[in-house]
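Results of the structural survey
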Amino acid sequence: MRVFAMELFTKLFGDLLLFVYHCFDRIVIHGYLSGLSRPEQVVHFFRKVVGIPVLSKEILSQRTADYQNWVEAFARNHSIPIEWAEKGVRKEDYVLPSLRRMTKRNAYGVYFIFKSMEQGPSFRVSVPKYPTKDPNHRILACQRSRFTHDYFYIRDEVLGPMVMRVATFFPFQTTYYLNGHNFIERELNRAQVGFRKNDNAFLAIDDVAALQAAADRLSPDIIRERLDYWTLILGPKFSVKERKRVKLSRFYAISQIEYCRNFIFKRNFPIHKLFERGCELGLWRLTAHKITEIFGARLHRRLPGKLATVIDQIEHGHHVFRAYFKHAFLKQYEKFATFLRNELCSNNLNDFGLKKGLDNLDAVRQTFKVITSRFAGFQAQWLNVHVDFPLLQRIALPITIGSVRYPGIKIHDRRVIRLLEVLLHGGTHVGGWTAKEIHQSVRTTFGLSERSYGLNQLRYDLRKLKGHGLLERDGSRYAYRLTPKGVQVALLFLFFHKRLCGPLANSRFHHRPDPQHRPNSRLEAAYHRADKAIQNIVDLLAAA
């Protein structure tokens, strides 16, 4: 049985991770008026409840005008900015200063209103082509038209910052934009758990279990309660009589939903390499069969939608790996150079055999959690190879610190190898080595003359090591010792040349020992295994 993602990924990269958590990210919910969604319901409402025998376009437009006037008065009475949305302006960025001011005051409510002309569902009223027995009969049909939509930007005390969009024409459809990270933030603040959050990600937390518990507490009942509250406050107005005669409660349906699994790393160094390698392996190995296996489906010819993998480049060079399945896609990206995110986005829950009603949110959570876990498990297996962490490549490249440029350090540089070997024996020099002491020791150890290795050459090599963070001075004295990183790099360089490269190169080009009569030595057995592995690689490269 395959090890799950949390276990396998943390087993392979646990020393690089701070913590892992999963939660809902973006949630888009549609709200439908149960008693005014169909044409016959609207006709009944105006004829039997309101008492208007002839339904016309002017009657519907009057309801729209009344609601728009109420919105203008609400914004004026509460000193809320109300503006028309400009093309090319991102609404969330534009209203961010208003949200920050409300957060600073620790206040809740509406802090901005946008008006926008958009396509939406509406009704068309027309006179019958031929006369009927009822002279007041009109044909009411559903259509999509362009009319005003109001965006209410809200800071809710339970769900955090959210957006409510109201269509100002019958049937007054509402849309709600939520984010699970905002809800988690409110829960952690209420529990007084310390954390550090950037945009829609938690980068540090005092209690990881409390973070995951807060994410799991987001339930349909909590969401419905807050949506009902704001819909009653900000939605279209109906009289008491109308509310008693017609069912005006809203049915909430999930239109779009995202579920993410976040891997928070201690350092930003391995994130890009893991993501880059994951993209390469994903493009090659994530075939149609693998995609359907990850999404828990069976591949057949009549499978609707597309099965594909792509890499998208978003603004500012931000890359996203996507695996498409029907109307959904699973994406992976690195963000803030701090964490890696696997995120499943669905635009139609029917692709997973799930119903779109808000009451099915828990079923969506369980299904999406399994899919993201399965994807992380596959990827962890792919990455369980010699992933390229280019320490030697990075050290070999020149670096610039301020206005000073330091040359790279090559693993085949004999002068550097000699210098590192001498510096590794600096345990007897508590205060570090002076340049003259290092120079004398290198010359004595390797039998070098003053002409073949001068003091200026040594100072050049010391400057390179110091620039790459491998060497440090003892306070203000001109005495040098290896840093912890320098000790590790020195051991790597020396082991590579003396323990691995030297014996293997000698055995491959000068004398091939007979494996049948090798001595009973674990080291010699390891060399034989390494020699056999190298020969297999050579054979595979030749066959390719």
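This section reports on the structure supplied with the text.

Definitions and limits used
All residue numbers refer to position in the chain's written sequence, counted from 1. Selection of residues for local features in this predicted model requires a pLDDT of at least 70, selection of side-chain atom pairs for listing and counting requires 80 or more, and totals for whole chains, interfaces and linings are taken over all residues. With hydrogens and water excluded, all non-hydrogen atoms of the structure serve as input to the side-chain values. Two rings from Phe, Tyr or Trp (for Trp, the six-membered ring) form a pair when their centres sit within 6.5 Å of each other. Planes less than 30 degrees apart are called stacked, planes more than 60 degrees apart edge-to-face, and all others tilted. What counts as a helix is a DSSP run of H or I of at least four residues, what counts as a strand is a run of E of at least two, and both are numbered from the N terminus. Type-normalised accessible area, obtained with a 1.4 Å probe on protein chains alone, sets the label of each residue: buried when under 20%, exposed when over 50%, and partly exposed for intermediate values. The criterion is simple. A nonpolar core is a set of buried Ala, Val, Leu, Ile, Met, Phe, Trp, Tyr and Cys residues joined through side-chain atoms within 4.5 Å. Any two residues whose heavy atoms approach within 4.5 Å at even a single point are treated as in contact. Here, a salt bridge means any side-chain nitrogen of Lys or Arg that lies within 4 Å of a carboxyl oxygen of Asp or Glu. We call two N or O atoms a polar contact when they sit within 3.5 Å, provided that within protein one can donate a hydrogen and the other can accept it, with sequence-adjacent residues counted only if both atoms are side-chain atoms. Each patch groups residues whose relative accessible area exceeds 30% and which form no salt bridge, using 9 Å between like charges and 5 Å between nonpolar side chains of Val, Leu, Ile, Met, Phe, Trp and Tyr. To measure how exposed things are, a 1.4 Å probe is used in the Shrake-Rupley method; for residues, cover is taken only from the protein chains shown. Strands are treated as partners if at least two bridges between them are detected by DSSP. Any two cysteine sulfur atoms within 2.5 Å of one another count as a disulfide. Only C-alpha atoms enter the line fits that serve as axes; for helices the fit covers just the stretch in contact. Angles between N-to-C directions range over 0 to 180 degrees. Here roughly perpendicular refers to angles of 65 to 115 degrees, roughly parallel to angles under 35, roughly antiparallel to angles over 145, and oblique to all remaining angles. Each crossing gets its handedness from the near helix: less than a right angle anticlockwise from the far helix is left-handed, clockwise is right-handed.

A complete count under the given rule lists 26 aromatic pairs for this structure. With a centroid separation of 6.0 Å and 75 degrees between ring planes, the pair formed by Tyr21 and Phe202 is classed as edge-to-face. On the criterion of sequence distance, the pair formed by Tyr21 in strand S1 (residues 17-33) and Phe202 in strand S8 (residues 202-205) is long-range, its members being 181 residues apart. Judged by its relative accessible area of 0%, Tyr21 falls in the buried class. For Phe202, a relative accessible area of 0% translates into the label buried. The interplanar angle of 85 degrees and the centroid separation of 5.1 Å between the aromatic rings of Phe24 and Tyr259 together place this pair among those described as edge-to-face. Of this pair, Phe24 sits in strand S1 while Tyr259 sits in strand S9 (residues 250-265), placing them 235 residues apart in sequence.

The next thing to look at is the nonpolar core. Taken as a class, soluble globular proteins show a tendency for nonpolar side chains to be buried jointly. Among the nonpolar cores identified, the biggest contains 66 residues, and Ile29, Val110, Phe152, Leu178, Ile257, Phe295 and Phe368 are the most heavily contacted of them. The element best represented in this core is helix H12 (residues 361-382), accounting for 9 residues. Those residues in contact with Ile29, other than ones at most four positions away along the chain, are Thr174, Thr175, Tyr176, Leu178, Ile223, Leu227, Tyr252, Ala253, Ser255 and Leu358. Listed in part, the 26 residues of the second largest apolar core include Ile417, Leu420, Trp433 and Ile438.

Next up on the list: the pattern of salt bridges. One pass over the structure, following the stated rule, counts 20 salt bridges. For Arg38, the salt bridge goes to Glu40, with nearest N and O atoms at 3.0 Å. Judged by its relative accessible area of 45%, Arg38 is partly exposed. For Glu40, a relative accessible area of 49% translates into the label partly exposed. Here Arg217 ties to Glu187 by a salt bridge, and the two come within 3.0 Å at their closest N and O atoms. Placement of the pair is Arg217 in the loop between helix H7 (208-216) and helix H8 (220-234) and Glu187 in helix H6 (residues 180-190), with a sequence separation of 30 residues. Note on Glu187: relative accessible area 13%, which makes it buried. Because the salt bridges share partners, they merge into one network encompassing Glu187, Arg190 and Arg217.

Turning our attention to the side chain of Ser346. With respect to the helices and strands, Ser346 occurs in strand S13 (residues 339-346). A polar contact of 3.3 Å, which involves the side chain of Ser346, links it to the backbone nitrogen of Asn348. Dropping the residues within four chain positions of it, Ser346 is found in contact with Ser255, Gln256, Ile257, Ala328, Phe352 and Phe368.

For residues other than glycine, phi is negative in most cases, and the peptide bonds are mostly trans. The omega torsion across Phe170 and Pro171 is 15 degrees, close enough to zero to call that bond cis. Of note, the phi angle at Ser79 is positive, near 55 degrees, even though the residue is not glycine. For Ser79, the position within the fold is in the loop between helix H3 (57-77) and strand S2 (82-84). Phi at Asn106 takes a positive value of approximately 55 degrees, unusual for a residue other than glycine. On the secondary structure map, Asn106 appears in the loop between helix H5 (96-105) and strand S3 (109-126).

The subject of this paragraph is a nonpolar patch on the surface. A cluster of nonpolar side chains, contributed by Leu283, Trp284 and Ile311, occupies part of the molecular surface with about 370 Å² of accessible area. Note that Trp284 resides in helix H10 (residues 269-285). Given the relative accessible area of 75%, Trp284 is considered exposed.

Our focus in this paragraph is the pairing of strand S18 (residues 479-482). As paired elements, strand S16 (residues 433-434) and S18 share 2 bridges and run antiparallel to each other. Each residue of the ladder has a partner; that of Thr434, found in S18, is Ala479. Relative to S18, strand S17 (residues 471-473) runs antiparallel, the two being bridged by 3 bridges. Note that in S18 the partner of Arg473 across the bridge is Tyr480. If you look at the hairpin formed by S17 and S18, you'll find 5 residues sitting between the two strands, and Gly475 has a positive phi there, around 65 degrees.

What we call a disulfide is simply a covalent bond connecting the sulfur atoms of a pair of cysteines. This structure, assessed with the given rule, holds 0 disulfides. With no disulfide of its own, Cys23 lies closest to Cys260 among cysteine sulfurs, the gap being 3.9 Å.

Moving on, we get to the packing of H6 against H7. Where H6 meets H7, the closest approach of the two axes is 9 Å, and the angle between their N-to-C directions is 125 degrees. On the basis of their axis angle, the class for H6 and H7 is oblique. Read as a crossing pair, H6 and H7 show a hand that is right-handed. Contacts from Phe183, Ile184, Glu187 and Leu188 in H6 reach Ala210, Leu211, Ala214 and Ala215 in H7.

The next point concerns the sheet that holds S3. Pairing is mixed across the open sheet formed by 11 strands, whose spatial order is S2-S3-S4-S5-S6-S1-S9-S13-S12-S11-S10. Looking at strand neighbours, the two that pair on one side only are S2 and strand S10 (306-313), the edges of this open sheet. Neighbouring strand axes in the sheet, compared pairwise and without regard to direction, differ in orientation by 20 degrees on average. Bridge analysis of S3 against strand S4 (residues 139-156) gives 17 bridges, and the strand direction is antiparallel. By the bridge assignment, Ser116 is partnered in S4 with His149.

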